[in-house]
There are 2 protein chains.
Amino acid sequence: MSKPLRLGLAGLGTVGTGLVKIVQEHADVLAARAGRMIEIAAVCARDPSKNRGVDLSGYDWVDAPLELARREDVDVVVEMIGGSEGAARDLVTAALEAGKHVVTANKALLAHHGYELALLAERHGVGLCYEAAVAGGIPIIKSLREGFAGNRIDGVYGILNGTCNYMLTAMRETGRDFDVILKEAQDLGYAEVDPTFDIDGIDAAHKLCLLSALAFGTQPDFDSLEITGIRGITATDIKFAGEFGYRIKLLGIARRIDGQVMQVMEPCMVPEDSALGGVEDAYNAVYVDGDSVETALLTGKGAGAGPTASAVMSDIMDLARGTVLPVFGIPADKLAPPCWMSLNDVVGGYYLRLDVLDQPGVLADVSAILRDERISIESMVQHGRNPGQPVSIVMILHDTAHAAIVGACQKMESLPAVLAKPCFIPIEEL
Amino acid sequence: MSKPLRLGLAGLGTVGTGLVKIVQEHADVLAARAGRMIEIAAVCARDPSKNRGVDLSGYDWVDAPLELARREDVDVVVEMIGGSEGAARDLVTAALEAGKHVVTANKALLAHHGYELALLAERHGVGLCYEAAVAGGIPIIKSLREGFAGNRIDGVYGILNGTCNYMLTAMRETGRDFDVILKEAQDLGYAEVDPTFDIDGIDAAHKLCLLSALAFGTQPDFDSLEITGIRGITATDIKFAGEFGYRIKLLGIARRIDGQVMQVMEPCMVPEDSALGGVEDAYNAVYVDGDSVETALLTGKGAGAGPTASAVMSDIMDLARGTVLPVFGIPADKLAPPCWMSLNDVVGGYYLRLDVLDQPGVLADVSAILRDERISIESMVQHGRNPGQPVSIVMILHDTAHAAIVGACQKMESLPAVLAKPCFIPIEEL
């Protein structure tokens, strides 16, 4: 058996603690699977005295994360500090420069600096592994980089944030509105006190960047990604979606269209009996469309100590077994620079809700605007009639360019009888 | 860039042809991903003159598969002949002995001879890869061996035969009986003229063996696997299942119970809104229960040229990238010998259908038998009442040992009013 693989752990939150448990409890089987022992050489965390429910007494504690990158007895630095800058970025950079492998769950770091870090890792011939950064325990990074390596990937569609999916599911099941469900999720610990990263789609967008880079061989590009979160989703829209047989999901989409690639993070409607429509609560899922594999769906827990530590451990096992692959599937210096298709040109179906005063001529005005933008209506509902009162008109629109629906909504908003900004949600018939 | 990886292809059916297409059409991206070219050095098939829709003129044709194992210019033998004995077994054995990697889609071969072949491969330090042998394009072998390598796997549940799943779905949707749907599936080419391998669960059982070996570190053991196919499933049972909120699926189950492991292939009822309940038509799916990852579900096309070739190609890419792992996750000489928990001791819920004459006292007799076997009833339905006529009594039974339900059914069968062998189907509340 080869010599042990020695880890330096930076950060001992729930994931770090979960990882220590795996290393301790499964030492024998991990060694059998990897052909060598997996050992923890050193650890670093803010509060060494805190009771974490695992025995950490046998490990060397270092004062600063950067020390892990300098230690002779560390082969792999496991970064579980988080954040795209500061200590995490410094540690990962230093570790790679010191010729150490890095395993991280840090999607923000890689979304912002993944390209430079991948170049650095590959220059030093070490691994930069991040299975845990996307969709928790689901082996989607491995699947895209290895399992589907024979495919031209045509699309990746992900439910990548458990908090959002939990909230959308709860809104649908209870009929309650966003603010109420958010408060509840916060009380239950499912949403952060500052929920911005989750509900505004930023966390999910970090993950999409990485999937997109892997799928299409492009440099991860967070800055030009268009992101819409779920704050604007109302119980009304969820209810109407149901009437048309759809569910609303916050979807990260990266797909190939006529040789170009587009990526976007936004709430979409998907058929309720479709693969992604059935992914509820805090589950994550990634739907992959490849030219040979056709379609595949991977579903599982997207967060939590166990699933995330499982993913971190899978990276460690790869390194222990000697597997070091290009960070984004092809050598970093061959990754194409960002060049995304404009969303304006993307064509698809839409859900459109207009809150209007129920008065003669409204529908004629709305129809005329749609006609002028060459948008045609597939179906329409309007519940009740209350002359002179506000009422919602909801339409499912046939395939239309994004620019056209935006243009139509702007014109509709200026109609006197239209009471609020029209709400439109793309439909993905997956 | 390293020197090319050179393939010798044995068998050019739909999968072989699909593989050639991938190698030809994606040469550049495969080389970028693998760091070396993937080349076809030689091919072998029964009828070289047949038009397969791909240009095969550039390759060396050999007369016998075994020649591929002897050629200096072949690094990887890709076995797509099929069958557990004969040419396929001879070729794989010879290739491994010659120190060549083997990639195969041959589940029968590995289910019967996987242990010896794994020992052989590992003795020669070469890879024996079989992603395509289980669940087509779904990267389940890779996920179990690598993605979930940090887990103690507690259970694997698979819908592993597309023909059976297609038929069960069609029976449910049309209400028609097994024979009618089988005929239809044969006419459509979804079922073989001799459908035994599929509908009797043998093909799926081959696959389960491999999953089970990987999940639990045991020698693949086909011979002691208990297999029940779908011939006994009636439209009546599918209809009743629906009334209780279940769907019938042919499930391969390997799971850990109190430190022991059981494996079985049989039709089961699963909740219709569960992860596996939603897997319909020709789709395959594997549900994995691990101590860290919790639950994960992988779904996709289980057969067909594209998905299977995609899986074969992923193995080839692994080899091109230098990844050679223990065939069944741990070194073959450490695989535990077969030692399965007796199904008699497995406890679970059951569906029970009794066809009886509607006459006084029947239910009393049946209830007494259940009481004597300490089986309790969760719910029961009986449609209509036709005194003196046959009627179906259907029950959902609380958790009970397999041996008890078998015993109860034997006793019931001997009651004068019971008209046929009672039908019982296990329920998996996944």
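Residues numbered from 1 in each chain as written. Chains lettered and ligands numbered in written order. Predicted model: local features only at pLDDT ≥ 70, side-chain atom pairs only at ≥ 80, totals over all residues. Heavy atoms only, no water.

Asker: Any chance you could explain the relation of the copies chain A and chain B here in plain terms?
Answerer: Superposing the two chain copies requires a rotation about an axis and a translation along that axis. Each copy of the sequence occupies a distinct position, and chain A is placed on chain B by a rotation of 180° and an axial shift of 0.0 Å, giving an RMSD of 0.0 Å. Each copy turns onto its partner about a two-fold axis. Rotation axis and chain A: the residue whose C-alpha lies nearest the axis is Leu298 of chain A, separated from it by 2.3 Å. Comparing contact sets, 100% of the residues at the interface of chain A also lie at the interface in chain B, consistent with an isologous, same-surface contact. (Least-squares fit on C-alpha atoms with pLDDT ≥ 70 in both. Contact = heavy atoms within 4.5 Å.)

Asker: Would you explain the sheet that holds strand β5 (residues 101-104) of chain B in this entry?
Answerer: Remark on secondary structure: sheet strands pair via backbone hydrogen bonds, oriented parallel or antiparallel. Residues and elements named next belong to chain B. Ordered in space as β3-β2-β1-β4-β5-β6, the six strands form an open sheet in which the pairing is parallel. Of all the strands in the sheet, just β3 (60-61) and β6 (128-129) have a single pairing partner and so form its edges. Sheet topology places strand β4 (residues 76-79) next to β5; four bridges connect them, and they run parallel. Bridged to Val78 within β5 is Val103. (Pairing = 2+ DSSP bridges. Helix = DSSP H or I, 4+ residues; strand = E, 2+ residues; numbered from the N terminus.)

Asker: I'm lost on the pattern of salt bridges in this one. Help?
Answerer: One pass over the structure, following the stated rule, counts 48 salt bridges over all chains. Here Asp60 of chain B and Arg71 of chain B are joined by a salt bridge, their closest N and O atoms 2.8 Å apart. Note that Asp60 of chain B is positioned in strand β3 and Arg71 of chain B in the loop between α3 (65-70) and β4, a separation of eleven residues in sequence. Look at Arg71 of chain B and you get buried, because its relative accessible area is 18%. Taken together, the salt bridges that share partners define one network made up of Lys142, Arg145, Glu146 and Asp318 of chain A together with Lys142, Arg145, Glu146 and Asp318 of chain B. (Salt bridge = Lys/Arg side-chain N within 4 Å of Asp/Glu carboxyl O. Buried < 20%, exposed > 50% of the residue type's maximum accessible area, 1.4 Å probe, protein only.)

Asker: Sorry if this is basic, but what is going on with unusual backbone geometry here?
Answerer: Glycine aside, residues mostly have negative phi, and peptide bonds are mostly found in the trans state. Positive phi outside glycine occurs at Glu294 of chain A, with the angle close to 65°. Turning to its location among the elements, Glu294 of chain A is positioned in strand β12 (residues 294-301). A residue is classified by how much of its surface remains accessible, and Glu294 of chain A, at 32% relative accessible area, is partly exposed. We note that Ala135 of chain B has phi near 60°; this positive angle belongs to a residue other than glycine. Looking at the element boundaries, Ala135 of chain B is found in the loop between β6 and α6 (140-147). Look at Ala135 of chain B and you get buried, because its relative accessible area is 1%.

Asker: How should the packing of helix α7 (residues 162-174) of chain B against helix α8 (residues 178-187) of chain B be read in this particular structure?
Answerer: Relative placement of two packed helices is described by the angle separating their axes and the distance separating the axes. Residue and element names in this part refer to chain B. Packing of α7 against α8 brings their axes to within 10 Å, and their N-to-C directions diverge by 125°. Viewed along their axes, α7 and α8 adopt a mutual orientation that is oblique. Helix-helix and strand crossings are classified by hand; for α7 and α8 the assignment is right-handed. Counted together, Tyr166, Met167, Ala170, Met171 and Thr174 of α7 and Phe178, Ile181, Leu182 and Ala185 of α8 form the full contact between these two elements. (Axes fitted to C-alpha atoms, helices over the stretch in contact; angles between N-to-C directions. Parallel < 35°, antiparallel > 145°, perpendicular 65-115°, else oblique. Left-handed = near helix turned anticlockwise from the far one by under 90°.)

Asker: So what exactly am I meant to see when it comes to the sheet that holds strand β1 (residues 5-10) of chain A here?
Answerer: Residues and elements named next belong to chain A. Pairing within the open sheet is parallel, and its six strands lie in the order β3-β2-β1-β4-β5-β6. One side of each edge strand has no neighbouring strand; the edge strands of this open sheet are β3 (60-61) and β6 (128-129). For β1 and strand β2 (residues 38-44), the ladder comprises six bridges, and the chain directions are parallel. Looking across to β2, one finds that Ala10 is bridged to Cys44.

Asker: Could you clarify how one ought to interpret the interface of chain A and chain B in this entry?
Answerer: Many descriptions give the size of an interface as the accessible area lost when the pieces come together. Between chain A and chain B, the residue contacts involve 46 residues of the former and 46 residues of the latter. Of the roughly 3,600 Å² buried between chain A and chain B, counting both surfaces, carbon and sulfur atoms make up 50%. For the interface between chain A and chain B, the tally reads four salt bridges. Secondary-structure elements contributing two or more residues to the side of chain A that touches chain B are α2 (27-34), α6 (140-147), β12 and α12 (305-320) of chain A. Considering every element that reaches the side of chain A that touches chain B, the biggest residue donor is β12 of chain A, with eight residues. In terms of residue class, the side of chain A that touches chain B is built from 20 nonpolar, 15 polar and eleven charged. Taken together, the five bridges between β12 of chain A and strand β12 (residues 294-301) of chain B define a ladder with antiparallel strand orientation. Bridge pairing links Leu298 of chain A to Leu298 of chain B in β12 of chain B. (Buried area = accessible area lost by both parts, 1.4 Å probe. Nonpolar A, V, L, I, M, F, W, Y, C, P; charged D, E, K, R; others polar.)

Asker: Explain the domain arrangement of chain A to me, please; I cannot follow it from the model alone.
Answerer: Residue and element names in this part refer to chain A. Taken as a whole, chain A is organised into domain 1 (2-133), domain 2 (140-302 + 336-342) and domain 3 (344-427). Relative to domain 3, the C-alpha centre of domain 2 lies at a distance of 25 Å. In this assembly, 19 residues from domain 2 lie in contact with 16 residues from domain 3. Where domain 2 abuts domain 3, roughly 1,500 Å² becomes buried across the two surfaces, and 67% of that area is made up of carbon and sulfur atoms. Together, Phe240, Phe244 and Met269 form the three largest contributors to the area buried by domain 2 at its contact with domain 3, with a combined 39%. Asp237 is the partner of Arg353 in a salt bridge, and the nearest nitrogen-oxygen pair spans 2.4 Å. The tally of links between domain 2 and domain 3 comes to six residue pairs in polar contact (both at pLDDT 80 or more). Looking at the side of domain 2 that touches domain 3 residue by residue, the class counts come to twelve nonpolar, three polar and four charged. (Domains from an automatic or database assignment. Polar contact = N/O pair within 3.5 Å; in protein donor to acceptor, adjacent residues only side chain to side chain.)

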